Amino acid sequence: MELGPEDVAYIAHLARLQIDEQDVPLYARNLSEILRLVETMNAVDTDGVVPMAHPVDTAQPLRADEVTEADRREEFQRNAPAVADGLYLVPKVIE
Amino acid sequence: MRNSWETVIGLEIHAQLATRSKIFSGSSTAFGAAPNTQASAVDLGLPGVLPVLNGEVVRMAVKFGLATGAQIAERSVFARKNYFYPDLPKGYQISQYELPVVGHGSVTIATEEGSTRRIGLTRAHLEEDAGKSLHEDFEGLSGIDLNRAGTPLLEIVSEPDMRSAAEAVAYARKILSLVRYLEICDGNLQEGSFRCDANVSVRRRGDEELGTRAELKNINSFRFLEKAINFEIDRQIEVLESGGEVVQETRLYDAERNETRPMRSKEEANDYRYFPDPDLLPVVIDEDYIAAVRATLPELPDQKRQRFVDDFGLSDYDADLLTADRDTADYFERTARAANAEYKLSANWILGELSAHLNAGDLTISASPVPAESLGAMLNRILDRTISGKIAKEVFEAMWNGEGDADAIIEQRGLQQITDSGAIEQVVDEIIVANPQQAEQFRAGKEKILGFFVGQVMKATQGKANPAQVNDILRRRLQDPDS
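Along each chain, numbering runs from 1 in the same order as the chain's sequence is written. Chains carry letters and ligands carry numbers; both start at the beginning, A for chains and 1 for ligands, and go up in the order they are written. Reporting of local features is limited, given that this is a predicted model, to residues whose pLDDT is at least 70; pairs of side-chain atoms are given and counted only at 80 or more, and all residues count toward the totals for whole chains, interfaces and linings. Just so you know, side-chain values use all the structure's heavy atoms and leave hydrogens and water out.

## What about the overall build of chain B?
- Working definition: helices are DSSP H or I runs of at least four residues, strands are E runs of at least two. Numbering for both runs from the N terminus. When helices and strands are tallied, chain B shows 15 helices and 15 strands.
- Computed over the C-alpha atoms, the radius of gyration of chain B is 30 Å, more than 25% above the 23 Å expected from 2.2 N^0.38 for a compact globule of 483 residues.
- Each of the three principal axes of chain B carries a C-alpha extent, and together these read 100 × 55 × 55 Å.
- A 1.4 Å probe rolled over the protein chains alone gives each residue an accessible area, and that area as a share of the maximum for its type sets the label: buried under 20%, exposed over 50%, partly exposed in between. In chain B, buried positions account for 50% of the 483 residues.
- Long-range pairs, those at least 24 residues apart, make up 68% of the contacts in chain B between residues at least 6 apart in sequence.
- All accessible areas in this document rest on Shrake-Rupley with a 1.4 Å probe, and a residue is counted as covered only by the protein chains that are shown. With an accessible surface of roughly 22900 Å², chain B has 47% of that area assigned to carbon and sulfur atoms.
- Taken together, the 54 basic and 77 acidic charged side chains of chain B have centroids lying 2 Å from each other. As a reference, a globule follows 2.2 Å times the number of residues to the power 0.38, and the radius of gyration itself is taken over C-alpha atoms. In this analysis, two residues are considered to be in contact whenever any of their non-hydrogen atoms come within 4.5 Å of each other. Positive charges are assigned to Lys and Arg, negative charges to Asp and Glu, while His and the chain termini are left out of the count. Charge positions come from single atoms, namely NZ of Lys, CZ of Arg, CG of Asp or CD of Glu.

## Points about the packing of aromatic side chains
All names here are of chain B.
- Pairing of aromatic rings covers Phe, Tyr and the six-membered ring of Trp, with a centre-to-centre limit of 6.5 Å; geometry is then stacked below 30 degrees between planes, edge-to-face above 60, and tilted otherwise. In total, this model carries 14 aromatic pairs over all chains according to the counting rule given.
- An angle of 80° between the planes, with centres 5.4 Å apart, marks the rings of Phe 24 and Phe 78 as edge-to-face. Taken as a pair, Phe 24 in the loop between strand S1 (5–16) and helix H1 (55–67) and Phe 78 in strand S3 (residues 78–82) lie far apart in primary sequence, 54 residues in all.
- Phe 24 sits in the buried class, given a relative accessible area of 4%.
- With a centroid separation of 3.8 Å and 5° between ring planes, the pair formed by Tyr 97 and Tyr 274 is classed as stacked. Note that Tyr 97 is positioned in the loop between strand S4 (92–96) and strand S5 (105–110) and Tyr 274 in the loop between strand S13 (259–262) and strand S14 (275–276), a separation of 177 residues in sequence.

## A short note on the sheet that holds strand S12 (residues 249–254) of chain B
Residue and element names in this part refer to chain B.
- The strand order S5-S6-S9-S1-S10-S11-S12-S13 describes an open sheet built from eight strands, whose pairing is mixed. Among the strands making up the open sheet, the edge pair consists of S5 and S13. Averaged over all neighbouring strand pairs, the angle between strand axes comes to 30°, with direction disregarded.
- As defined by bridge partners, strand S10 (residues 194–204) adjoins strand S11 (residues 214–219) across four bridges and the pair is classed as antiparallel. Following the sheet pairing, Cys 196 is matched in S11 by Ile 219.
- Here the axes come from fitting lines to C-alpha atoms, over the contacting stretch only for helices, and the angles between their N-to-C directions go from 0 to 180 degrees. In this fold helix H2 (residues 165–181) packs onto S1, S5, strand S6 (116–128), strand S9 (152–158) and S10, with an angle of close to 115° to the strand it touches most, S5. For two strands to pair, DSSP has to find at least two bridges joining them.

## Some remarks on the confidence of the model for chain A
- Averaged over all residues, the pLDDT of chain A is 91; the fraction at 70 or higher stands at 98%.
- Taking the mean pLDDT of every element in chain A, the minimum, 91, falls on helix H1 (residues 5–14) of chain A and the maximum, 97, on helix H3 (residues 73–77) of chain A. Each residue gets a pLDDT score, which is the predictor's confidence in that residue and runs from 0 to 100.

## Side note on the interface of chain A and chain B
- Listed per partner, the contact involves 38 residues of chain A and 55 residues of chain B.
- Values labelled buried area give the accessible surface lost by two parts on being combined, using a 1.4 Å probe and summing over both. Summing both partners gives a buried area of about 4100 Å² for chain A against chain B, and 60% of it is carried by carbon and sulfur.
- Within this document, salt bridges are pairs made up of a side-chain nitrogen of Lys or Arg and a carboxyl oxygen of Asp or Glu, the two lying within 4 Å of each other. Counting the contacts that link chain A with chain B gives zero salt bridges.
- Here a polar contact means two N or O atoms within 3.5 Å. Within protein one must be a hydrogen donor candidate and the other an acceptor candidate, and residues neighboring in sequence count only if both atoms are side-chain atoms. Between chain A and chain B we count 21 residue pairs in polar contact (both at pLDDT 80 or more) in total.
- Where the side of chain A that touches chain B is concerned, the elements lending two or more residues are H1, H3 and strand S2 (87–91) of chain A.
- The element contributing the most residues to the side of chain A that touches chain B is S2(A), with five residues.

The following block contains the structure:
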């Protein structure tokens, strides 16, 4: 499968990435290479093989349902560009 | 017009799981805390943190699966659902996609026609909730509260098996009742701990293929769920009948105007690019685990309902109402136990007088000022004929207002029924003598006049005479004053 400039623009938009127009052909080529790699792997017969969700072959450990985190709001909010009334402020978004 | 169309509805219900801590962090999930005081480094999506799964959410999901006869996945996988929004700091929501923890199940609902219908459950999966955006108070800015980020949700997806808004509501109520019985969700619609989205489409009767659906969101009560779906059905039929096409989109319900409106359309269809979350390992559930959870299942609403009908002789209707939530069912059983196992009488009082008082005071049954045992004790006074059913209402009212238990109130207000027939006879005689004309009319065959005499006797005894006895004695003395 070959990706065109529109595909690159769409993927960049989904990932909220700003890219230079002049780099689009390069990205299209690189991403297409990755898809070709996957296509090559698709040729392998994997009937009866359980898909691997994780490279580590073990199960998810479970934690007890206990509150272990204290309130560290003040500390965390020192990282934020803008806060008010305990809220993080961001440019207005409304859908 | 609506008759030539068939409605097809499927629901997606988000039930907030009633855990103490979040699904992937040790932050508290308590409702109503000051903004961001329950948002840890994991909930904020800070670099270098890792999610650790809360075992309780797995147990709760399995409980739900077992209660709906569903397949429990031996191995389920968390996936990242990618999208950008400020109240989702990681840029993805951890959810389950291809391998959910709970597979195909079903529940049974009662239909308007009095029969039952099986509604299929496609799946139920675990995921984390997002934070909250507040758009009102900050000029040009949005305020973000991440206390809710990471709250565990069980998303319960139904098959498109419902054919009317009423069925959709019956199904939603059923799921609500179930999650409350299982004690996995508090089911508070107003606080958002139980949220319903409806997928609605219509097709010409007899068509096999499903019509294009709209997804309705922003519904926070069962009444609005019914209204939103009915509005949407009419809208879609109108569009199709005027030659248009239904667009697949998300629509928000506006309760004030009772209409659905499209959410400002996004530039492209959602493309979430799900992939397995490398931060989490597959969840493995074995037979022993399932057996242990199964052993903790309470009696479920359907089983309880059947038992109330079979063992207590209640009607389907009464049994249905009493078992819709566990607190009411428990209250009923405790009342009946205290009232000499008089199930029908107990049911009548709980569904009548008590319900009316609870509704008027906007109280749940667990907050009733009259405990089950006290109500049962009062019913005993009806059973042993200390008071009549009518006087009992006065006693109940006083109990409701905190004036003490039934015996004390009956004693204090002198409400004991007069069952001494000599005393009743005396009153009856006096009234017959005082109303010779009416007595004559009765003897001439005017049966209806008896009601007048009963009323007079009750008035003279302040309602305390036993009504059945009053009737008997009146008849006897009117026919033959010397009897």
